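Remarks on the overall topology
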Number of protein chains: 2
Amino acid sequence: MTRILVVEDSEDMAFGLRNNLEFEGYEVDVAADGPAGLTRAEEGRADLMILDLTLPGMDGLDLLKALRARGNAIPILVLTARQEEIDKVEGLKLGADDYVTKPFGVMELLARVEALLRRSEQMQPMKVFRMGDIEVNVSARTVLRQGQPVELAPRELDLLLSLIAHQGRVVTREELLREVWGHAGRVVTRTVDTHVSELRRKLEPDATNPIFILTARKAGYRFDMDQLTELVP
Amino acid sequence: MTRILVVEDSEDMAFGLRNNLEFEGYEVDVAADGPAGLTRAEEGRADLMILDLTLPGMDGLDLLKALRARGNAIPILVLTARQEEIDKVEGLKLGADDYVTKPFGVMELLARVEALLRRSEQMQPMKVFRMGDIEVNVSARTVLRQGQPVELAPRELDLLLSLIAHQGRVVTREELLREVWGHAGRVVTRTVDTHVSELRRKLEPDATNPIFILTARKAGYRFDMDQLTELVP
DNA sequence: GACGAACATGACCAAATTGTAATCAATTTG
DNA sequence: CAAATTGATTACAATTTGGTCATGTTCGTC
């Protein structure tokens, strides 16, 4: 889920932004002033910031400066009113990644958000997990076992990723069906078992004694948290 | 004296640009169409080009490609009315150094010009990749195999560059379409497959067992990171 | 206007994938 | 302990998916 932090003092504007962004499927977090924005941004949970430059109190520009000064590289889309183009100039030199002048169209904003996210995706490190001698590269959709590629079918990989995403928690077959198969359609729940079996065969050191994908009787499956490391290179 | 070449067909726009830029102390040269722009650019007297992508006749994109193909590294600021064109230029790493969407404010334009000039002071080296015995010169848009030129159609080269730009990550057919085809025409996604096939035929040692452009079933394609070296000459 | 290159697309085929039934094994329950 | 329940595994036919080829179109060049 892509998370967008909106730093905006006007309630109306914040409401509008939230509405539109959420409609597009983003998760939206709103901060009403600079300091709050700074705090939220430093939590590091947002993938993109939309920053209104006409903030009261701590100026938006200061927020920008502060963030960048601390080495925070979150992509920032700056909003500014038309006549304050001077602000824009400064924003540019400071490290805003893009900006939009008010009044702006929804489509334009969304397009820029999308473009910015796309651009920043390249900068993000690859998502890689390690479990024992197995390495799962989410970005490349590859799995290595002792450096050797393991051939996983799409369904298998998706299932594995879903289990990993819920690491430490029991996931019911129904949940897995919903997440991996997409629909609560007519897939018999036993299908999950089959794929889990196949995954174990390919990944577990000893398929009859699984250490990664554990069975929770009468409940579902669980990926053992203790076996999993997230690599952030 | 810093010299700016403006490639712009609309007289009004050209006049406005010249006015403002000259007021800022730049020397301005205007070309009214693509071919004229290409000629002027090749004279090598300009420090920066402002290029309107909505040119008649020779498309602005073609001018861009043609310039870069000839190894011309002049910094280019692209003007465009359409977001999709930005996507295209950006996705391809075609060599626009920055862009502004119309309508834009004067201050914004000037800021970008300034930023671009500053950035280009420290000349960026030519981007060249090596994959096995293949050498891909991104800036020159040429491909050599054991020193011999490989003839790639524009689409093919664009596709290759896009894949290389995402090296190590799976890229969906939709993403490739957006970046290479520009999202404009509603091209069928299977078309990507055809071009990948052609690329493999021309580049892979064994097209039936690709080592560069790998298939990620149900997901897209991926350029194998391990096969790619970036040369910094 | 002929010709060829580029290119999008549909068709066809081979190979990979996958849902399911059937069977076997383990665990729980009464 | 036997029956019942639940999970594991295997086998396989149907379907999906991707590779490739042939075709029609467009566009620029001669």
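First, a word on scope: everything that follows refers to the structure included in this document.

Calculation criteria
- Residues numbered from 1 in each chain as written.
- Chains lettered and ligands numbered in written order.
- Predicted model: local features only at pLDDT ≥ 70, side-chain atom pairs only at ≥ 80, totals over all residues.
- Heavy atoms only, no water.
- Near = heavy atom within 4 Å.
- Polar contact = N/O pair within 3.5 Å; in protein donor to acceptor, adjacent residues only side chain to side chain.
- Nonpolar A, V, L, I, M, F, W, Y, C, P; charged D, E, K, R; others polar.
- Helix = DSSP H or I, 4+ residues; strand = E, 2+ residues; numbered from the N terminus.
- Buried < 20%, exposed > 50% of the residue type's maximum accessible area, 1.4 Å probe, protein only.
- Axes fitted to C-alpha atoms, helices over the stretch in contact; angles between N-to-C directions.
- Parallel < 35°, antiparallel > 145°, perpendicular 65-115°, else oblique.
- Left-handed = near helix turned anticlockwise from the far one by under 90°.
- Contact = heavy atoms within 4.5 Å.

1. Notes on the protein's contact with DNA strand D
Every one of the 20 residues lining DNA strand D counts as a neighbour, but Tyr221(A), Arg200(B), Thr215(B), Lys218(B) and Tyr221(B) are closest to it. If you look at DNA strand D and keep only atoms within 4 Å of the protein, 66% of those are sugar or phosphate atoms. One of the side-chain N or O atoms of Arg173(B) is found 3.4 Å from a sugar or linking oxygen in DNA strand D. Between DNA strand D and the protein, one listed contact pairs a phosphate oxygen with a side-chain N or O atom of Thr215(B) at 2.6 Å. Its residues placed into classes, the surface near DNA strand D shows two nonpolar, six polar and 12 charged.

2. Notes on the protein's contact with DNA strand C
Of all residues adjacent to DNA strand C, which total 22 residues, the nearest are Arg155(A), Arg155(B), Trp181(B), Val188(B) and His195(B). By atom count, sugar and phosphate contribute 88% of the portion of DNA strand C lying within 4 Å of the protein. Between DNA strand C and Arg217(A) there is a distance of 3.5 Å, counted from a sugar or linking oxygen to a side-chain nitrogen or oxygen. Here Thr191(B) contributes a side-chain N or O atom positioned 3.2 Å from a phosphate oxygen of DNA strand C. At the level of secondary structure, the elements contributing two or more residues to the surface near DNA strand C comprise α6 (154-165) and α8 (190-203) of chain A together with α6 (154-165) and α8 (190-203) of chain B.

3. Section: helix α3 (residues 60-69) of chain A
In an α-helix, one turn spans 3.6 residues, which is why side chains three or four residues apart end up on the same side. Buried within α3(A) we find Gly60(A), Leu61(A), Leu63(A), Leu64(A), Ala66(A) and Leu67(A). Following α3(A) by one or two positions, Gly71(A) adopts a phi angle in the positive range, close to 80°.

4. Description of the packing of α6(A) against helix α7 (residues 173-180) of chain A
Residue and element names in this part refer to chain A. Between α6 and α7, whose axes approach to 10 Å, the crossing angle comes to 120°. It follows that α6 is oblique to α7 by the angle criterion. Crossing geometry of α6 relative to α7 is assigned as right-handed. Residue-level contacts link Arg155, Asp158, Leu159, Ser162 and Leu163 of α6 to Leu176, Glu179 and Val180 of α7.

5. Regarding the side chain of Asn137(A)
Residues and elements named next belong to chain A. Within the secondary structure, Asn137 sits in strand β7 (residues 134-137). At a separation of 3.0 Å, a polar atom in the side chain of Asn137 contacts the main-chain amide nitrogen of Ser139. Sequence-distant contacts of Asn137, defined by excluding residues within four places in its chain, comprise Met126, Lys127, Val128 and Thr142.

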